[in-house]
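# Summary of structural features
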Amino acid sequence: MRKPMVAGNWKMNKTVADAVTLVNELLPELKAQTAVDRVLCPPFTALYSVSGLLKDSGIGCGAQDLFWEAKGAFTGEVAPDMVAELGKYVIIGHSERRTYFGETDESVNKKVLAALAAGLTPIVCVGETLEENQGGKTEAVVTRQVNAGLSGISAADAEKIVIAYEPVWAIGTGLAATGPDANKVIAEYIRKPYAALYGEAAAQAIRVLYGGSVKGSNAAEFFGQPDIDGALVGGASLKKADFMEIVNAAAK
Ligand code: 13P
């Protein structure tokens, strides 16, 4: 049995003051919903404050990226240990980083390795663009991203990874995938290549989330699918009521 997980990716939203307000609003209800692994990923600037508020709450805290080097002259970057001091999770390879910031399969892999070495749980994002989807390339792209992202990772470490399937065309567009379509990609193009690397039992044990326009009204459609273990939520994670609706749907 895989425990459901709902992670909020706040992206580039919330000042420290706004982040503190949202966490304080969320805390009572979010804390009580222990049937779901709950994770909040604020921007770096709010990570310290949010992690302090979440301490001993049972709610996880995570970053939205990291750099693979341990320290040194890398202006603007944040090292794995710096994230690990404040959180347990880190989102890696989000499509917005791949699209706007030159993230590649190779850099994703380096970041996953570095995150695992620092004791973090990587939430590795994969997903095809609209063009790739319409060109019938979903299988090739997603399988390639899974294989490349996990390259050189031991079986023991691979078990700790969470994968998020986020079709790029569904992110922030209001146009979500259907539950069955997302389930098919996860079962066929994520768990299958993972099983080829680490075995069927391991592929059935890891958690795979869906992300892309998840909201209270469609969350149950995804959580009702056999291969979908939760959600990585963008826009709907920025308001207490919207986020709680999704977390509560995952508990059912
Ligand atoms: P939206 O939920 O805003 O579509 O964003 C999804 C996402 O990118 C989460 O990482």
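Preceding this section is the structure that the text describes.
Parameters and conventions
- Residue positions within a chain follow its written sequence, with the count starting from 1.
- For this predicted model, a pLDDT threshold of at least 70 governs which residues receive local features, and a threshold of 80 or more governs which side-chain atom pairs are given and counted, while totals over whole chains, interfaces and linings are taken from all residues.
- With hydrogens and water excluded, all non-hydrogen atoms of the structure serve as input to the side-chain values.
- Within 6.5 Å between ring centres, the rings of Phe, Tyr and Trp (the latter by its six-membered ring) count as paired, and their orientation is classed by plane angle as stacked under 30 degrees, edge-to-face over 60, tilted in between.
- Classification of residues uses two cut-offs on accessible area relative to the type maximum, computed with a 1.4 Å probe and protein chains only: under 20% is buried, over 50% is exposed, and between them is partly exposed.
- To qualify as a helix, a DSSP run of H or I must reach at least 4 residues; to qualify as a strand, a run of E must reach at least 2; elements of each kind are numbered from the N terminus.
- Note: two strands are recorded as paired if DSSP finds a minimum of 2 bridges between them.
- Here a salt bridge means any side-chain nitrogen of Lys or Arg lying within 4 Å of a carboxyl oxygen belonging to Asp or Glu.

### Things to note about the packing of aromatic side chains
One pass over the full model with this rule turns up 6 aromatic pairs. Judged by centre distance (6.3 Å) and plane angle (85°), the rings of tyrosine 100 and phenylalanine 101 are edge-to-face. We classify phenylalanine 101 as exposed; its relative accessible area is 54%.

### Structural notes on the pairing of strand S8 (residues 230–233)
Where burial is concerned, the two faces of S8 agree: the one with Gly230 and Leu232 and the one with Ala231 and Val233 are both buried. As paired strands, strand S1 (residues 5–9) and S8 are joined by 4 bridges and run parallel to one another. Each residue of the ladder has a partner; that of alanine 7, found in S8, is leucine 232. Examined bridge by bridge, strand S7 (residues 207–211) and S8 share 2 bridges and lie parallel to one another. The residue bridging tyrosine 210 from the neighbouring strand is alanine 231, located in S8.

### Re the pattern of salt bridges
If you walk through the whole model with that rule in mind, you get 14 salt bridges. Where lysine 111 meets glutamate 103, a salt bridge forms, and the shortest distance between an N and an O atom there is 3.0 Å. For the pair lysine 111 and glutamate 103, one class covers both residues: buried.

Everything listed is a geometric property; what it means functionally is a separate question.
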